[in-house]
Amino acid sequence: YAFQGCSKLSTIDIPNVQNAGAYAFAGTAIKSVDYRKLATIGDYCFSDIETLKTVTLPALTKITEDNYNMFKGSDNITSMILSKLTSAYYLFNLQGKSDMTKFSAAELTKIPNKMFKDCTSLTTLSTPKVTTVGAYAFENCGLTTLTLSQADTITPKAFANNPNFTKIILGN
């Protein structure tokens, strides 16, 4: 709850912080999250931030049942880079983040159910190590082409209800 509700707080410089608790930045006015060492994040940590556009969290490795709501209500995010993210709890999703154009998680191996549902502006997805795709993961998503070269498990309806796809490449 460190800065929760500081509605005019637009810049927070914390280059060496490794842990942020629940609701730590909720309801602030930050525009960008670029915290290089932040590896542990509490639930709702970056929730309800209307001004939040870009998220860069290269040290974050897991999204669990304890923090999967970390971006809930922060629906104007346009870019998210989670370089070391290896796993995301099955309820974590970016559903409804209609402004998001770019998502990158180079180490992610599973795309949870509904992860990109209604991300209608998504044009760039970089998840080269994904092996499993959850149900409705790309429903009503803006992607037109998708390459998941390591994918070997596709859940039923993983690509359902997406009129935008023109090309999908799966597996080797």
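This text goes with the structure placed above it.
This structure is a prediction, so every number in the text was calculated from the model and none was measured.

Caption draft 1: Inspection of the sheet that holds strand β8 (residues 102-104) at higher detail. Taken in spatial order, the five strands make up an open sheet running β2-β4-β6-β8-β10, and their pairing is parallel. With one partner strand each, in any of the chains shown, β2 (32-34) and β10 (124-126) form the two edges of the open sheet. Within this sheet the neighbouring strands show an average axis-to-axis angle of 5 degrees, counted without direction. Sheet topology note: the β2/strand β4 (residues 54-56) ladder contains three bridges and is parallel. Along β4, the bridge assignment pairs V33 with V55.

Caption draft 2: Spatial organisation of the side chain of D43. Within the secondary structure, D43 sits in the loop between β3 (40-41) and β4. No salt bridge is formed by the buried D43, whose closest oppositely charged neighbour, K72, lies at an N-O distance of 9.1 Å. With near-sequence residues (within four places) excluded, D43 lies in contact with A22, Y23, D66, N67, Y68, N69 and M70.

Caption draft 3: Region of interest: a nonpolar patch on the surface. Nonpolar side chains collect at one region of the surface, where I154, I168 and L170 lie side by side and expose about 210 Å² of accessible area between them. Here I154 lies in strand β13 (residues 153-154). Taking relative accessible area as the criterion, I154 reaches 34% and is therefore assigned partly exposed.

Caption draft 4: Examining the layout of surface pockets more closely. The calculated volume of the largest pocket comes to roughly 190 Å³. Residue lining of the largest pocket: Y68, N69, F71, K72, G73, D75, L91, F92, N93, L94, Q95 and K97, and that is the complete set. Residue composition of the lining of the largest pocket, grouped by class: five nonpolar, four polar and three charged.

Caption draft 5: Highlighting unusual backbone geometry. For N140, which is not glycine, the phi dihedral falls at a positive 50 degrees. Here N140 lies in the loop between β11 (132-133) and β12 (145-148). Unusually for a residue other than glycine, N161 sits at a positive phi of about 55 degrees. Residue placement: N161 occurs in the loop between β13 and β14 (167-170).

Caption draft 6: Structural detail: the nonpolar core. Among the nonpolar cores identified, the biggest contains 49 residues, and F25, F46, L57, F103, F116 and F138 are the most heavily contacted of them. Beyond its immediate sequence surroundings of up to four residues, F103 is in contact with M80, L82, L94, L108, M115, F116, L122, T124, L125, S126 and T127.

Caption draft 7: Summary view of the sheet that holds β11. Reading across from one edge, β9-β11-β13 is the order of the three strands in this open sheet, with parallel pairing throughout. Two strands in the sheet have a free side with no partner beyond their single neighbour: β9 (110-111) and β13. In this sheet, β11 lies alongside β9 in parallel orientation, the contact comprising two bridges. For K110, the partnering residue across the bridge sits in β11 and is T132.

Caption draft 8: A look at the environment of S121. Take S121: it is sitting in the loop between β9 and β10. Sequence-wise, S121 and N140 are 19 residues apart; in three dimensions their C-alpha atoms are separated by 9.9 Å. Leave out the neighbours within four places in its chain, and S121 touches S98, D99, M100 and T101. Polar side-chain contacts of S121 include one of 2.6 Å to the backbone oxygen of S98.

Criteria and thresholds
Residues numbered from 1 in each chain as written. Predicted model: local features only at pLDDT ≥ 70, side-chain atom pairs only at ≥ 80, totals over all residues. Heavy atoms only, no water. Pairing = 2+ DSSP bridges. Helix = DSSP H or I, 4+ residues; strand = E, 2+ residues; numbered from the N terminus. Axes fitted to C-alpha atoms, helices over the stretch in contact; angles between N-to-C directions. Buried < 20%, exposed > 50% of the residue type's maximum accessible area, 1.4 Å probe, protein only. Lys, Arg positive; Asp, Glu negative; His and termini not counted. Salt bridge = Lys/Arg side-chain N within 4 Å of Asp/Glu carboxyl O. Contact = heavy atoms within 4.5 Å. Patch = residues over 30% accessible without salt bridge, like charges linked within 9 Å, V, L, I, M, F, W, Y side chains within 5 Å. Areas by Shrake-Rupley, 256 points an atom, 1.4 Å probe, with all protein chains shown as cover. 1 Å grid on protein atoms, 1.4 Å probe; cavity = no way out; pocket = protein on both sides within 12 Å on 5 of 7 lines; lining within 4 Å. Points joined across faces, edges and corners; volume = space filled by probe spheres on them. Nonpolar A, V, L, I, M, F, W, Y, C, P; charged D, E, K, R; others polar. Core = buried A, V, L, I, M, F, W, Y, C linked by side-chain atoms within 4.5 Å. Polar contact = N/O pair within 3.5 Å; in protein donor to acceptor, adjacent residues only side chain to side chain.

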